[in-house]
Structures are given as structure tokens and as C-alpha cells.
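# Fold and contact review
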Amino acid sequence: MRVKNLLLLPVALILGACTGAPALRPEPEAVLTSPDGKLKMSFYLSESGTPSYALEREGVAVLTPSRLGFSLRGVVKAEELSYNADGSIDKLDREGTIPFDRDFELTGTATDSLDEVWEPVWGEESQIRNHYNELLVSLLQRGSGRRMDVRFRLFDDGLGFRYEFPGGQSLVHFVIKEELTEFACAEDNTAWWIPGDYDTQEYEYNCTRLSEVAEHFRDKMRGNSSQTPFSTSGVQTSLQMKTPGGLYVNIHEAALVDYPCMHLLVDGRTHTLRAHLTPDAEGWKGNLTTPAKTPWRTVQVAASATDQLASRLVLNLNEPCALEDVSWIHPVKYMGVWWEMIAGAGSWAYTDAEGIHLDSFDYAGAEPNGRHSANNAHVREYIDFAAAHGFYALLVEGWNIGWEEWANCNKDFVFDFQTPYPDFDIDALNAYAHSKGIRLVMHHETSSSIRNYERHLEAAYSLMNKYGYDAVKSGYVGDILPQGLHHYSQWMVNHYLYCVKEAAKHHIMVNAHEAVRPTGLCRTWPNLIGNESAMGTEYQAFGGIAPGHTAILPFTRLNGGPMDYTPGIFEQNLGDWCGNGSHVNSTICGQLGLYLTMYSPLQMAADTPEHYRRYMDAFQFIQDVAVDWSESRYLEAEPMEYIVVARKAKGTGQWFCGGVTDEQERSFRVKLDFLESGRYEATVYADSPGAHYETNPQAYKITKQTVTPDDALELTMAPGGGFAISFKKL
């Protein structure tokens, strides 16, 4: 239901009575309240014409007046030639920077409201309520005649706002030097953050006060194949915070399209966060043509950690589904020829040759290295195991030529995405998989050679259609080619979405790794069924991950969309298996709990068949657990400490419950009042007494008991552990 009658809205518009720029005063220019009346957003114009906004919840300040606006490049491109004394020549801008954060006057306001329920193609629930009140503020910059609007939407769970640049004005083509948006936190909040970086989100989280970010910036720094931290005061979104008064505040962005990804610069003295956009190769931060709009800047405000996890504000700020036919899009539970290469037990490459030119190298005549995992016999073994245990698909990495020199070799023509290695029979293996009811998942590692991928994209997707692949895992390891660009720049943001749109034309689902962090675009393009965009399970083989990592990701990374975290590792001691000195810092039940706490419609059983065969009773839960849900209830949570959630499977109505914890042992009394009336058999997978992620990770117990909605289960999670429960109606 959409309402445009101002009298029906809890919106007060208080316009300046005098001519000229109104001064910053206790009375704002306009006030917007949330549908439940608990949140209030105030819009101001200072005496100098600088716009700002503030946010409070039930009279308690969340954000104090925070600046809005931009600094623009004076021209679209450099054209002034400068001849230097040493004989060199520079190209300079003919005009200086344009301030676009001052000298504004308010020319009008408009209000709106929406209360609707929409149904996602897949998700944590089958229906999502989208309920907000809206205020559109129209601004004119005196002297220049340039116009800018700011659209605010206030939900019960937070605020979204974006800048809009109308067409038909003097501002047509323009370049952003800096976005000046601020989030002036009212207090020195506790924050869970990762270092600001233009090229990777693959970090563990810090937990500090805002005032301590710079001091602790290096604490969790870790090497990566592409890494560009930009300031010791820089952090990434989604940024989860907790105020001293107990409110949970999260800052992120929604609907990132044709614009650079936003980071945040933290002023530890004032506790103010300022937008910091990812630059292009020349250092500029966005090229726009009016009419244009930015992504939404989001500020979620929740009274509890569980309320924050249940917030769908980011999804609601994205456009509805752009596809008329979504019948081909579906959740996927899969296995993969993957973990053994990550851990070092196998290889993506077929040969150890060097100096390979893809268009002339003779792979048929090359000497095999004997470690290539994606070979016909081995892939058939995986197909047999996946088929026997009810999986839909099998990912196979390392199937195609080029892996000998793939990452950070600065090779443009690194893969062709079509030619298999000599020991991978793409025709026969797909036929064999289909005969067993298994689909193969395609793998497109690009090595971040973007021009190469785009020029092969149509042929690569057509090959998938030919052999019956309906999903692709893409990867962007290494520095971006062309050189100088970053993974989160405007150019790359456009590339990722281009691939998703082209995939939709071929009825292909996309799981993009190393891409920009999600901002809810899966609502508009539901064939984007997964992203990595954070430190995932693979880092357990690269030195390990602290247990609390999986208890913070649902608050941060998953706020914008699901993650292909790749859970399900049952062999924690990698040294005994393949000589890798890393240790997987989780118990087996901690791994099972992730299938509930780390939501994704794309869930992997990431370990090898040989490891699962030793623990088939525990593996049964991975076989049974659903991947698409009609209802989700977050029961207990605290960022980077623990999460307990119950979910109801879409279609079958079966309930599951799971939890994870950090390095602390934790006990919970889990009430079962989420169950419908009746009697159920509860199969409980729990850590055994004495289980510990470091010393005894494979100790678990499986029990069955009859329960009703009136009952509660006493559950203990070991350090680095968890639990999982399946409920069967009797």
C-alpha cells in the first residue's frame, strides 16, 4: 500500500520562515519518523547552506547532525597542457575543485509511504515486509544553479538515504572527487571492523572502540594476493557497532550500482565516520551523468542483536526482481573438487611447465605433474559420493587449461574458459553426472584479467548451456588487469553486475568470489545466489581462523547478502592428512551449526568423501538440512561471541536449529516454542564433554528425544563448537 497524503504520515515539515540560508537551529527544516514512531530523522541546513541529518531512537541520539554533500572535480577530464622546465609535459585540469556541500537552499519537499509484503525467490523467509516513511528534500545551490535531491526512507529498523541528481540542469557529466557523507556517532561505540581496503575483505575482525581503530589497525592485517589498505583510520562496511546504552547500530550501503564501493574513515576523537569511496586508476571516485543516483547509505538501529540479524532493510532498499521468469533459479546443496587443492593435497594445474602461451602450448604433449585433482577418475568418485547422498551438484575446479600461471602473472590471456585439460573429458563427465542426477558446477577463475573474461564471456556461458551447467563459481584472485584499477572501483562494480545480467540471459546462477561485498542486489537479480567477499573456510588452510569469526559475519558480511562460506570440514588436523601445518579451528558440531547460522541458498559440503566416510552419522545432518527457508527466528546472539537460530524449511515445513560459539564454552536453554503444536522427534548433534576446537574437535554425541513446543533443550557448545538439531513431526 502506497500513501502520498501528507496528513496520513508522521512527518513534520518545518520550513525556514526567513529568506536566505536558514541557520542551524534546534528546529530542523524537516522531520521524518518511522512507522512505529520510535526512530526520528531530522534534516538541517546550516547558515552556510550545508545540509545535514541526525537520527535518534526514542529520544536517544544515535547520530548527531552529520554532513551531507560532495566535492566535485572541476572538469570531466584533464586537457590543459603544462610544459615543465625539465622537458616533461603534464595534463592538468582547467578548473579547480567544486564544493558541492554548501550554499544550498531548500526548494521543496515531498513525502511518501509504503507498506507491502514481497516474496523473495529464495531467502531466510518466504515473505518480507517492506514498510517505510519517505521524505524527499530538493536542494538548489545558489550561484551555480546545480540541483541535488536527498531521499530519506525511515523504517522501524533503520534509515536509508541516497543522493539523486535530476536531469535537465547545468550539472550533466561530472566526476566525484570525494563523497563527504558523515555518520556522526553520538558516543564512542564498540565496533566490529576489518581494515579498509580497496581490493579485499579477507580479514579477521577487530573489536574496539571507535576511538581505538587507528591504534589497532595492524592487529589483524594479513597478506593477500591483492591488497590495498588506504588508511589506518579506514574500515569497511557493513560496520557493526554497539552503543554504551545497548543499541546495535550498523552502517552499510544498499543497491550498489554504477558507483564505487564505500568504505569509512573513522575520526577517533569525534567518533565521526566519513564516506571514503574506492578510487579509479587516476584517483577519482565516480563518473556520473544526470539523471543519476548514488547507492543508499544505510543506518540500521536495533534494540537487540537478534533484531539486527532479522533486519531486511538492505534488501528492502533494492529494486524488485528484474526477471519475469525465475523458474530456473533454485537453491543448491553441493560438493566440490576444491578443498584438497586449497589444503595442498592436490593441484589445479595439469603440468609444472612454465612460460605458457595459451594459444600455442601443447598440453597433450606435456608431462602431467601427477597431482591434478580434476581428472576423470577422481571426478567420477566425487560424483558417485554426491549422488549417493542426495546432493544436487558438484563443483570442479582446475578443469580448464591455464592454471600453471594463473595469479599475479599479469597475463591478459590467462584462461579461455572453454578448453579442458587432457584428463578432463567434459562431455563424458557431464553425461555421467547427469545419469546420476548430479549437475556439475562450472568454475571461471578470471585471475582478475577482466578484458579477457568479458571477451570470452558469451562463449563461456554458451558452453555451459551446451553441457547442462546451470551455475558458475567465478573468481577474481590477484590484482585487477587493466593495472591500476581496484576490485571495488566503479568500473569493477559494473563488471560484476554485467556478468550477472549476461548469465541471466543464459539461465545461469552466479556465485562470485573476491567480488565486491553484496549490497542486496540479489533481490533484483536472484540468479546472484552467492558471494564470498569475506574471509571464508579456505583460510583455515592458510593458518587458521579464530572461532568467533563465524559469529560476527552474519552481522556484517551477510547483512548485504548470502555468503558461500563453504562449511563442513570434518578433518581439522590438516598436517596428518596432507602435511599442511594449519589447523581448522572448529569442532565437527561447530561445522554443522554453520549450515543454520551462516545463511546461504548455496551450501557446500566442503570436505572430501574420504573424511566424511569416517563420520557418516554426523554427515547425516548435512544431508538432511534444508537450504531454503519459509521462516527464520534468531533466538540468541551477540556479535563475535555466539548465534543460535531456528529455521523452517520452505516446502516441507521441517524445523532445524543450530548454534555456534567463539573460543568460550557456552550453555543455552533453547525454548522450542517456535515449533507448531504436536510432538516431534529431535535429533541433536552436540559437542561431547571435553570437546575443544584445538585438542578434541571430533568429539560429538548424537541423541534423539521426543519434544513438544512447551519443552526446552539444555545445550552446551564447546570452545569453537556448536550444535545442530533436526525436528521430525511425529
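For the protein chain, the count of helices and strands is 12 helices and 41 strands. Dimensions of the protein chain along its principal axes, counting C-alpha atoms only, are 80 × 75 × 50 Å. Taking all 730 residues of the protein chain together, 62% fall into the buried category. Expressed as a percentage of contacts within the protein chain between residues at least 6 apart in sequence, the contacts between residues at least 24 apart total 70%. Accessible surface for the protein chain amounts to roughly 26300 Å². Of this, 47% is attributable to carbon and sulfur atoms. Looking at the protein chain, you have 60 positive and 95 negative side-chain charges, and the mean spots of the two groups are 5 Å apart.

What follows is about the pattern of salt bridges. Per the counting criterion, the structure on display carries 38 salt bridges. A salt bridge links K648 to E676; its shortest N-O distance comes to 2.8 Å. Of this pair, K648 sits in strand β35 (residues 642-649) while E676 sits in the loop between β37 (666-671) and β38 (680-687); the two residues are 28 residues apart in sequence, bridging distant segments of the chain. E676 sits in the partly exposed class, given a relative accessible area of 32%.

Summarising burial for strand β30 (residues 471-475): five of the five residues are buried, a large majority. Residue alternation in β30 divides its side chains into two sets, A471, K473 and G475 and V472 and S474, and both sets are buried. In terms of strand pairing, strand β29 (residues 439-445) meets β30 through four bridges, oriented parallel. Its bridge partner lying in β30, H444 is registered against S474. At this point the chain moves from β29, through helix α7 (residues 450-467), to the parallel β30, and the crossover so formed is right-handed.

Relative orientation of the contacting elements helix α5 (residues 376-388) and helix α6 (residues 426-435) amounts to 15°, with a least axis distance of 10 Å. Classified by the interaxial angle, the pair formed by α5 and α6 is roughly parallel. For the pair α5 and α6, the crossing hand works out as right-handed. Two secondary-structure elements touch here, α5 through N376, V379, R380, I383 and D384 and α6 through A428, L429, Y432 and A433. Residue composition of the contact of α5 with α6, by class: six nonpolar, one polar and two charged.

This paragraph deals with the confidence of the model for the protein chain. The predicted model of the protein chain has a mean per-residue pLDDT of 95, with 96% of residues at 70 or higher. In the model, residues 1-25 has pLDDT below 50 throughout and makes 55 contacts with residues more than four positions away in sequence or in other chains.

Okay, the packing of helix α10 (residues 588-597) against helix α12 (residues 616-624) next. Two elements in contact, α10 and α12, have axes whose closest approach is 10 Å; the angle formed by their N-to-C orientations is 10°. Regarding the angle of α10 to α12, the classification is roughly parallel. Across from I588, L592, Y595 and L596 in α10, the residues of α12 making contact are A618, F621 and I622. Class assignment for the residues of the contact of α10 with α12 results in seven nonpolar, no polar and no charged.

Right, let's get into the environment of Y539. Inspection of the secondary structure assignment puts Y539 in the loop between β32 (528-531) and α9 (574-578). Measuring from C-alpha to C-alpha, the distance between Y539 and A682 comes to 33 Å, with 143 residues separating the pair along the chain. In contact with Y539, other than residues within four places in its own chain, are E202, R222, G223, N224, G544 and I545. A distance of 2.9 Å separates polar atoms of two side chains, one belonging to Y539 and the other to N224.

A few words on the sheet that holds strand β39 (residues 700-707). Taken together, the six strands give an open sheet; going across it, the order is β34-β35-β36-β41-β38-β39, and neighbouring strands pair in antiparallel fashion. Taken across any chain shown, the strands that pair with only one partner, and hence form the sheet edges, are β34 (629-638) and β39. The average angle at which neighbouring strand axes cross in this sheet is 15°, direction not considered. The sheet contact formed by β34 and β35 spans eight bridges and is antiparallel. Each residue of the ladder has a partner; that of A637, found in β35, is I643. In this fold α10 packs onto β34, β35, β36 (655-661), β38, β39 and β41 (722-729), with an angle of close to 125° to the strand it touches most, β36. Sheet strands in contact with α12 are β36, β38, β39 and β41, and its direction is about 120° off that of β38.

Using the criterion set out here, one finds 38 aromatic pairs in the structure. On the numbers, 6.5 Å between centres and 10° between planes, the contact of F385 with Y612 is stacked. Taken together, the residues span a long stretch of sequence, with F385 in helix α5 and Y612 in helix α11 (residues 609-612) at a distance of 227 residues. Geometrically, the ring pair formed by Y612 and F619 is tilted, given 4.4 Å between the ring centres and 35° between the ring planes. Judged by relative accessible area, Y612 falls into the buried class, the value being 0%. An aromatic cluster is defined as three or more aromatic residues linked by ring pairs; in this entry it consists of F385, F391, F570, Y612, Y615, F619 and Y700. The ring of Y432 is capped by R380, whose NZ or CZ atom sits 5.3 Å from the centre of that ring.

Rules used in this analysis
- Residues numbered from 1 in each chain as written.
- Predicted model: local features only at pLDDT ≥ 70, side-chain atom pairs only at ≥ 80, totals over all residues.
- Heavy atoms only, no water.
- Helix = DSSP H or I, 4+ residues; strand = E, 2+ residues; numbered from the N terminus.
- Buried < 20%, exposed > 50% of the residue type's maximum accessible area, 1.4 Å probe, protein only.
- Contact = heavy atoms within 4.5 Å.
- Areas by Shrake-Rupley, 256 points an atom, 1.4 Å probe, with all protein chains shown as cover.
- Lys, Arg positive; Asp, Glu negative; His and termini not counted.
- Charge placed at Lys NZ, Arg CZ, Asp CG, Glu CD.
- Salt bridge = Lys/Arg side-chain N within 4 Å of Asp/Glu carboxyl O.
- Pairing = 2+ DSSP bridges.
- Right-handed = clockwise from strand over helix to strand, strands pointing away.
- Axes fitted to C-alpha atoms, helices over the stretch in contact; angles between N-to-C directions.
- Parallel < 35°, antiparallel > 145°, perpendicular 65-115°, else oblique.
- Left-handed = near helix turned anticlockwise from the far one by under 90°.
- Nonpolar A, V, L, I, M, F, W, Y, C, P; charged D, E, K, R; others polar.
- pLDDT = per-residue confidence, 0-100.
- Polar contact = N/O pair within 3.5 Å; in protein donor to acceptor, adjacent residues only side chain to side chain.
- Phe/Tyr/Trp six-rings, centres within 6.5 Å; stacked < 30°, edge-to-face > 60°.
- Lys NZ or Arg CZ within 6 Å of the ring centre and 35° of its normal.

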